[in-house]
There are 2 protein chains.
Amino acid sequence: MERTELATLYREYIACLNRQDWASLDRYVAGDVEHNGRQLGVAGYQAMLENDFETIPDLRFNIQLLVVDPLTEPTNDAPCLASRLAFDCHPKATFLGLAIDGKRVLFAENVFYTFRDGKIAHVWSVIDKSAIEAQL
Amino acid sequence: MERTELATLYREYIACLNRQDWASLDRYVAGDVEHNGRQLGVAGYQAMLENDFETIPDLRFNIQLLVVDPLTEPTNDAPCLASRLAFDCHPKATFLGLAIDGKRVLFAENVFYTFRDGKIAHVWSVIDKSAIEAQL
């Protein structure tokens, strides 16, 4: 897969999330997708995202930095992409174990994806919890 | 800069950190380096790292996943690299506001770097605090 093609695919995936278009999710996500080491499959992945939008009604994914690598080191030969996502939102109650209660919070998620056959196979995500705590 | 050259440069930087070779740090880090939006400069960056090794005597940086992109989207035209670093260590007292007290913890850092003139200019780092909390 070419670099530009992979970047475009990822932008389409993010647009799919932002319009909560769950019927299209399996165009971008592999049937046996894993998230932080847990095999969720498409249904479990969708459930996780639906829960995110339930917790954060004004959730919106914004790509701040995109690093695209058709090759990946050191051991993985799958295409790989890393994205820094920026969030500016109002979680309505508890988020990451923190009582937000509708307060506005700004934070980032640094997330890695590996692809197989043009779909997301593995996701390694870290959310900046310390940044949220500093705003409470 | 070529992809392989950038990856090699980054591996050398990580080796420099692991041997705490502060005299060589400015080969890899720009004079006005910023970390999570704060301009530290090389001296401030070194002080941050020295403090990390003071807090975590057995600190070792292990590259788990490396994504290398000589081009960067959407707005930045600098070479960019993203790394998932794995840690297996024993912080001796408090780390990220958590009382670790010498317990073994495993966690990841998902970190982005932009380069200028072959040196790290900006670092955007997120440490998986939730993963550490789950081990306490």
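Presented here is an overview of the structure given in this document. Every value quoted in this text rests on a predicted model; they were computed, and no experiment measured them.

**As for the overall build of chain A**
- Within chain A, the regular secondary structure consists of three helices and eight strands.
- The principal-axis extents of the C-alpha atoms in chain A amount to approximately 45 × 30 × 25 Å.
- The long-range fraction of contacts in chain A, counting pairs at least 24 apart against all pairs at least 6 apart in sequence, stands at 54%.
- Accessible surface, chain A as shown: approximately 6,100 Å² in total, 48% of it carbon and sulfur.
- When the 13 positive and 20 negative side-chain charges of chain A are each reduced to one mean point, those points stand 5 Å apart.

**Quick word on the relation of the copies chain B and chain A**
- Superposition record for chain B on chain A: RMSD 0.0 Å, screw rotation 180°, translation along axis 0.0 Å. Such values leave the two copies arranged in the relation of a two-fold axis.
- Counting the interface residues of chain B, we find that 100% of their copies in chain A are interface residues as well, pointing to one common contact surface.

**Focus: the packing of aromatic side chains**
Residues and elements named next belong to chain A.
- In total, this model carries 19 aromatic pairs over all chains according to the counting rule given.
- Look at Tyr13 and Tyr113: their rings are 6.1 Å apart centre to centre, the planes differ by 75°, and that puts the pair in the edge-to-face class. Linking Tyr13 in helix 1 (residues 3-18) with Tyr113 in strand 7 (residues 105-116), this pair joins segments that are 100 residues apart in sequence. A single burial state applies to Tyr13 and to Tyr113, both of which are buried.

**Re the interface of chain B and chain A**
- Opposite the 30 residues of chain B that make contact, chain A presents 30 residues.
- Taken over both partners, the interface formed by chain B and chain A buries close to 2,800 Å², and the fraction arising from carbon and sulfur atoms is 57%.
- Asp69 of chain A serves as the salt-bridge partner of Arg3 of chain B, at 2.8 Å between the closest nitrogen and oxygen.
- For the side of chain B that touches chain A, the secondary structure elements donating two or more residues are helix 1 (3-18), strand 3 (62-69), strand 4 (80-89), strand 7 (105-116), strand 8 (119-127) and helix 3 (129-133) of chain B.
- A total of seven residues in the side of chain B that touches chain A trace back to one element, the largest contributor, which is strand 3 of chain B.
- Residues that form the side of chain B that touches chain A fall into these classes: 16 nonpolar, six polar and eight charged.

**A closer look at unusual backbone geometry**
- Here Gln20 of chain A, not a glycine, exhibits a phi torsion of approximately 50°, which is positive.
- Taking relative accessible area as the criterion, Gln20 of chain A reaches 38% and is therefore assigned partly exposed.
- Of note, Asp117 of chain B is a non-glycine position whose phi angle comes to about 50°, a positive value.
- Along the polypeptide, Asp117 of chain B turns up in the loop between strand 7 and strand 8.

**Regarding the side chain of His35 of chain B**
- Tracing the sequence through the fold places His35 of chain B in strand 1 (residues 29-35).
- Aside from chain neighbours lying at most four places away, what touches His35 of chain B is Leu40, Tyr45, Met48, Val123 and Ser125 of chain B.

**Points about the nonpolar core**
- Within the largest apolar cluster, 39 residues are counted, with the highest numbers of intra-cluster contacts made by Tyr10, Tyr13, Leu25, Tyr45, Phe61, Leu85 and Tyr113 of chain B.
- Elements with a minimum of two residues in this core: helix 1, strand 1, helix 2 (41-55), strand 3, strand 4, strand 7 and strand 8 of chain B.
- Broken down by element, this core gets its largest block of residues, eight residues, from helix 1 of chain B.
- Residue contacts for Tyr45 of chain B: discarding those within four places in its chain leaves Tyr13, Leu25, Val29, Val33, His35, Leu40 and Val123 of chain B.
- Within the second largest apolar cluster, 38 residues are counted, among which are Leu9, Trp22, Leu85 and Tyr113 of chain A.

Cut-off values and rules
- Residues numbered from 1 in each chain as written.
- Chains lettered and ligands numbered in written order.
- Predicted model: local features only at pLDDT ≥ 70, side-chain atom pairs only at ≥ 80, totals over all residues.
- Heavy atoms only, no water.
- Helix = DSSP H or I, 4+ residues; strand = E, 2+ residues; numbered from the N terminus.
- Contact = heavy atoms within 4.5 Å.
- Areas by Shrake-Rupley, 256 points an atom, 1.4 Å probe, with all protein chains shown as cover.
- Lys, Arg positive; Asp, Glu negative; His and termini not counted.
- Charge placed at Lys NZ, Arg CZ, Asp CG, Glu CD.
- Least-squares fit on C-alpha atoms with pLDDT ≥ 70 in both.
- Phe/Tyr/Trp six-rings, centres within 6.5 Å; stacked < 30°, edge-to-face > 60°.
- Buried < 20%, exposed > 50% of the residue type's maximum accessible area, 1.4 Å probe, protein only.
- Buried area = accessible area lost by both parts, 1.4 Å probe.
- Salt bridge = Lys/Arg side-chain N within 4 Å of Asp/Glu carboxyl O.
- Nonpolar A, V, L, I, M, F, W, Y, C, P; charged D, E, K, R; others polar.
- Core = buried A, V, L, I, M, F, W, Y, C linked by side-chain atoms within 4.5 Å.

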